[in-house]
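Results of the structural survey
The primary structure of each chain is shown beneath.
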Amino acid sequence: MAEENATPKPRQPADDNAFKRELVQLIPHLRAFARTLCGDPAAADDLAQDAMMKAWDARNSFQMGTNMKAWTFMILRNQFYSEKRRSWRQSQLDQEAAERTLVAVDDPEAPVALDELRQGLAMLPPEQREALILVGAGGFAYEEAAEICGCAVGTVKSRVSRARRALHAILDEGNYDRDGAAAGDAMRSILADAERLSTVR
Amino acid sequence: MIEQRPSEERRKSSAAMDEARLRQQAIGVRLRQMFDEVVNEQVPDEFLEILRRADSRSSEKG
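Taking an unreviewed UniProt entry as the reference, chain B is identified by name as Anti-sigma factor NepR domain-containing protein belonging to Phenylobacterium deserti.

As annotated in an unreviewed UniProt entry, chain A carries the name RNA polymerase subunit sigma-70 and is attributed to Phenylobacterium deserti. What UniProt records for chain A under Sequence similarities (unreviewed entry) is the sentence "Belongs to the sigma-70 factor family. ECF subfamily."

**Quick notes on the pattern of salt bridges**
Summed over the entire model, instances satisfying the criterion amount to 8 salt bridges over all chains. Among the salt bridges present, the one from A:Asp45 reaches A:Arg31, with a minimum N-O distance of 2.9 Å. Separated by 14 residues along the polypeptide, A:Asp45 in helix 2 (residues 41-57) and A:Arg31 in helix 1 (residues 13-38) bring together distant segments of the chain. The closest approach of N and O atoms between B:Glu41 and A:Arg35, which form a salt bridge, is 3.0 Å. Here A:Arg35 lies in helix 1 and B:Glu41 lies in the loop between helix 1 (8-39) and helix 2 (45-61), a pairing that spans two chains. Of the residues examined, A:Arg35 reaches a relative accessible area of 15% and is grouped as buried. What emerges from the salt-bridge pattern is a single network uniting A:Arg31, A:Arg35, A:Asp45 and B:Glu41.

**Describing the confidence of the model for chain A**
In regions of low pLDDT, the predicted coordinates are not meant to be interpreted in detail. Per-residue pLDDT for chain A has a mean of 78; in total, 66% of the residues score no lower than 70. Residue range residues 85-96 of chain A is modelled with pLDDT below 50. Its contacts to residues more than four positions away, or to other chains, number 26 contacts.

**Observations concerning the domain arrangement of chain A**
Residue and element names in this part refer to chain A. Assigned domains of chain A: these are domain 1 (14-89) and domain 2 (109-200). Each partner contributes residues to the interface: domain 1 has 11 residues there, and domain 2 has 11 residues. Here domain 1 and domain 2 share an interface that buries about 1,100 Å² over both sides, 61% of which is from carbon and sulfur atoms. For the pair domain 1 and domain 2, the number of links is 1 salt bridge. With its nearest N and O atoms 2.9 Å apart, the salt bridge here joins Arg77 to Glu130. On inspection of domain 1 and its partner domain 2, the count reaches 4 residue pairs in polar contact (both at pLDDT 80 or more). Residue assignment for the side of domain 1 that touches domain 2 shows that the elements contributing at least two residues are helix 1 and helix 3 (68-83).

Calculation rules
Residues numbered from 1 in each chain as written. Chains lettered and ligands numbered in written order. Predicted model: local features only at pLDDT ≥ 70, side-chain atom pairs only at ≥ 80, totals over all residues. Heavy atoms only, no water. UniProt positions renumbered as here; feature names shortened; annotations may be inferred. Salt bridge = Lys/Arg side-chain N within 4 Å of Asp/Glu carboxyl O. Helix = DSSP H or I, 4+ residues; strand = E, 2+ residues; numbered from the N terminus. Buried < 20%, exposed > 50% of the residue type's maximum accessible area, 1.4 Å probe, protein only. pLDDT = per-residue confidence, 0-100. Contact = heavy atoms within 4.5 Å. Domains from an automatic or database assignment. Buried area = accessible area lost by both parts, 1.4 Å probe. Polar contact = N/O pair within 3.5 Å; in protein donor to acceptor, adjacent residues only side chain to side chain.

This is the structure in structure tokens:
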């Protein structure tokens, strides 16, 4: 390689390595977020890979020590909307993906609930769904979710609460309305099951 | 205190509130489960492969 030119070099290879390490840690989360946007696992992985590469290419503009998870999620989300991936609607309901999930849960009662949750999520307006996912599953604070979505904190809060109410109503109507008495039991068993799963982990 | 107002009404509505809270909680748990399931999946080699290629490309460029 020829001589390095004289311009100051803002980044060292060590920076890149640190960035890369952190980015690699985030891949599972990027995949999960992409899956909630795309539904279809293959399309979701494409999206996550694109986002990962965008993040890598933009690494010079990232300040180490700040929230890289939120930053990469924002990149992924922008990528998703800018490409107007068309897959999410039908693929949220993608049967194959749903079945794969069902197998993993290992409880005869649970599959129904998960499947319904998927369907319920698919029925929400996209901005409510993403707000709920970020806050309810991604572990982001309202402020971070607002940054990721490029909107006000209050907007995120109201989207999340509307999403929760709507989802509750959808799920109620779908399954639990049939037998009011069983509803609480079903929920208790889901909670117990979740408790069991999380202690196993 | 109004202890002799057993208030069937109130008991019912608080039961309904418990129920609603329980459901919201269960939905929340499920939501996290759904997300975590993907998080816990093994990352396809492709991801690291792509990153590795990009990394060596950028270090070649200096």
